[in-house]
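Here is what each chain is made of, one letter per residue.
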Amino acid sequence: MPLHKAFGVDLGSSSVKIYAQEQDTIITEKNMIAIRDQDQVLAVGNKAYEIFEKNPSNVSVISPVLCGKIADINCTEMVLKALLENINAGTLLGHILYLTIPSDLSEIDRSAYYTIENSNRKNKVYMVDKTIADAVGLGIPILHTKGTMIVDIGAQSTEISVIELGKVVVSKLLEIGGNQLDDGIVSTVRKQYNLHIGTRTACRLKLSLAYLKDGNLEARKVVGVDSLSGLPREEIIPSDVVHETITGPIRTICEEILFFLERIPPQIRKSVEDQGIFVTGGTSRIPGMEWFLKQETGQKIRMSDLYELCTICGLKEVMKDRSLKKWVR
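Please read all numbers here as calculations on a predicted model, not as lab measurements.

### Some details on the overall build of the chain
Tallying secondary structure elements over the chain gives 10 helices and 18 strands in all. Relative to its length of 329 residues, the chain is compact, with a C-alpha radius of gyration of 21 Å against a globular reference of 20 Å. Referenced to the eigenvectors of the C-alpha coordinate spread, the extents of the chain come out at roughly 60 × 55 × 35 Å. A burial count over the chain gives 50% of its 329 residues as buried. For the chain, the proportion of contacts with a sequence separation of at least 24, taken over those separated by at least 6, is 62%. Surface summary for the chain: the accessible area is close to 15700 Å², and the carbon and sulfur share equals 50%. Of the charged side chains in the chain, 39 are positive and 41 negative; the average position of the first set lies 4 Å away from that of the second.

Laid out in structure tokens, this is it:
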């Protein structure tokens, strides 16, 4: 058994991405935990997600990370411990963990990561700014850039950051992401069709019908509960309903991008405009995202093809490349 094993961890609101350096593999699991009677862990990760919205009253299924921040320290520790055990992470002297953390965190939110760090004294825990990991994953020469904007649109939050010469100049975490789009779809379907659907159904509608570019007319049949009778009922939801629901929150992201461009110094702004805005994150998969952002901001948009894996792939490179260790703390 080895003395130490090194792992990179990206604690997202929707999923946990773990890079196992020894196997050189990346695993992705849902960031969820199912607890029975408030004290018994029933399942974690993908198995907990299978129970989600099907759980009995004595079983709660929660995500311990909300809007990009740790909301429940104990549950986060249990999820992380269980997932590491699932990939045979046993060692004699604990693990070496590299955690990505949002750049825009208060001291209180940041202290939650330090608590995880000290939960097992055998572990050695290092932290890397998520913006830096994204930049490395995007292939940006972070030491030489005179100004680069990165927009990471995740499950429950969007982080907009600007880096210059290896430093994060400004960063802001918005509580807008894919889950908020799902909640909006649930609300719209309930108001327009008197039909209650779950967030899992809303997510499927988003993935199949969410076109940000006009002209795509499709529809999907869903099954929900009639708000008046309380009985199961089918309904056909057209794509334009989903389109109208999701454009508002994404337009808010565009407004924040424009606000950022106004705040940063002129020389950094010119560099950002010359390069274009880098966009990554799982929610950036929505068809037409590049077109919509370009229309709303008037800027060149450069989409990552790594999506939600961009951060963990960047963290992988930070762990392997000694020249990048200066961004580890």
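### Thoughts on the packing of aromatic side chains
Taken as a whole and assessed by the stated rule, the structure comprises two aromatic pairs. An angle of 20 degrees between the planes, with centres 6.2 Å apart, marks the rings of Tyr49 and Phe52 as stacked. Cation over ring: Arg200 sits above Tyr49, and NZ or CZ is 4.5 Å from the ring centre. It is Arg263 that lies over the ring of Phe260; its NZ or CZ is 5.5 Å from the centre.

### Observations regarding the environment of Lys130
Within the element layout of this structure, Lys130 appears in helix H4 (residues 130-137). C-alpha of Lys130 to C-alpha of Gly314: the two residues are 184 residues apart in sequence and 8.9 Å apart in space. Aside from chain neighbours lying at most four places away, what touches Lys130 is Asp10, Thr100, Ile101, Pro102, Asp152, Glu159 and Thr311.

### Here's the deal with the sheet that holds strand S4 (residues 33-36)
Spatially, the three strands line up as an open sheet ordered S5-S4-S6, and their pairing is antiparallel. For this open sheet the edge positions go to strand S5 (40-44) and strand S6 (59-62), each flanked by a neighbour on one side alone. Neighbour to neighbour, the strand axes of the sheet diverge by 25 degrees on average, direction disregarded. Pairing geometry for S4 and S5, over four bridges, is antiparallel. Considered in S5, the bridge of Arg36 is made with Gln40.

### Considering the sheet that holds strand S18 (residues 301-303)
Pairing between the strands of a sheet comes from backbone hydrogen bonds, and it takes one of two forms, parallel or antiparallel. Taken in spatial order, the five strands of this open sheet run S13-S12-S11-S17-S18, and their pairing is mixed. Edge positions in the sheet fall to strand S13 (167-174) and S18, since each has one partner strand and no second. Shown here is a sheet whose adjacent strand axes are inclined to one another by a mean of 20 degrees, direction ignored. Bridging between strand S12 (residues 158-164) and S13 involves seven bridges; their strand directions are antiparallel. Residue pairing in the sheet places Ile163 in a bridge with Val168 of S13. Those strands touched by helix H8 (residues 266-275) are strand S11 (148-153), S12, S13, strand S17 (277-280) and S18, and its axis lies near 65 degrees from that of S11.

### Description of the side chain of Ser63
Here Ser63 lies in the loop between S6 and strand S7 (65-66). Here Ser13 takes part through its backbone oxygen, which lies 2.9 Å from a polar atom of the side chain of Ser63. Of the polar contacts made by the side chain of Ser63, one reaches the backbone oxygen of Val65; its length is 3.2 Å. When neighbours within four sequence positions are excluded, Ser63 is seen to be in contact with Ser13, Asn31 and Met32.

### Points about the pattern of salt bridges
This model, assessed by the stated rule, comprises 16 salt bridges. Two residues, Arg329 and Asp129, come together in a salt bridge whose shortest N-O distance is 3.3 Å. With Arg329 in the segment after helix H10 (310-320) and Asp129 in strand S10 (residues 124-129), the pair connects residues that are 200 residues apart, well separated along the chain. Among the residues examined, Asp129 registers a relative accessible area of 14% and is labelled buried.

### Points about the state of the cysteines
Per the stated rule, a full pass over the model turns up zero disulfides. Of all cysteine sulfurs in the structure, the one in Cys310 sits closest to Cys254, which takes part in no disulfide; the separation is 19 Å. The exposure class of Cys254 is buried, given its relative accessible area of 1%.

### Brief notes about the side chain of Ser161
Within the element layout of this structure, Ser161 appears in strand S12. Reaching out from Ser161, the side chain makes a polar contact with the side chain of Thr131 at a distance of 2.9 Å. Those residues within four positions of Ser161 in sequence are excluded, and the remaining contacts are Thr131, Thr148, Met149, Ile150, Val170, Ser171 and Phe260.

### Concerning H10
The element H10 is largely enclosed, with a buried count of eight among its 11 residues. Along H10, the residues that are buried comprise Cys310, Thr311, Ile312, Gly314, Leu315, Lys316, Val318 and Met319.

### Describing the pairing of strand S3 (residues 25-30)
Look at any regular strand and the pattern is simple: side chains alternate between the two faces of the sheet. As judged from the six bridges shared by strand S2 (residues 15-20) and S3, these two strands associate in the antiparallel manner. Each residue of the ladder has a partner; that of Ala20, found in S3, is Thr25. Counting the residues between successive antiparallel strands, the hairpin from S2 to S3 contains four residues, one of them, Asp24, with a positive phi of roughly 55 degrees.

Reading guide: rules and limits
- Residues numbered from 1 in each chain as written.
- Predicted model: local features only at pLDDT ≥ 70, side-chain atom pairs only at ≥ 80, totals over all residues.
- Heavy atoms only, no water.
- Helix = DSSP H or I, 4+ residues; strand = E, 2+ residues; numbered from the N terminus.
- Rg over C-alpha atoms; globule rule 2.2 N^0.38 Å.
- Buried < 20%, exposed > 50% of the residue type's maximum accessible area, 1.4 Å probe, protein only.
- Contact = heavy atoms within 4.5 Å.
- Areas by Shrake-Rupley, 256 points an atom, 1.4 Å probe, with all protein chains shown as cover.
- Lys, Arg positive; Asp, Glu negative; His and termini not counted.
- Charge placed at Lys NZ, Arg CZ, Asp CG, Glu CD.
- Phe/Tyr/Trp six-rings, centres within 6.5 Å; stacked < 30°, edge-to-face > 60°.
- Lys NZ or Arg CZ within 6 Å of the ring centre and 35° of its normal.
- Pairing = 2+ DSSP bridges.
- Axes fitted to C-alpha atoms, helices over the stretch in contact; angles between N-to-C directions.
- Polar contact = N/O pair within 3.5 Å; in protein donor to acceptor, adjacent residues only side chain to side chain.
- Salt bridge = Lys/Arg side-chain N within 4 Å of Asp/Glu carboxyl O.
- Disulfide = S-S within 2.5 Å.

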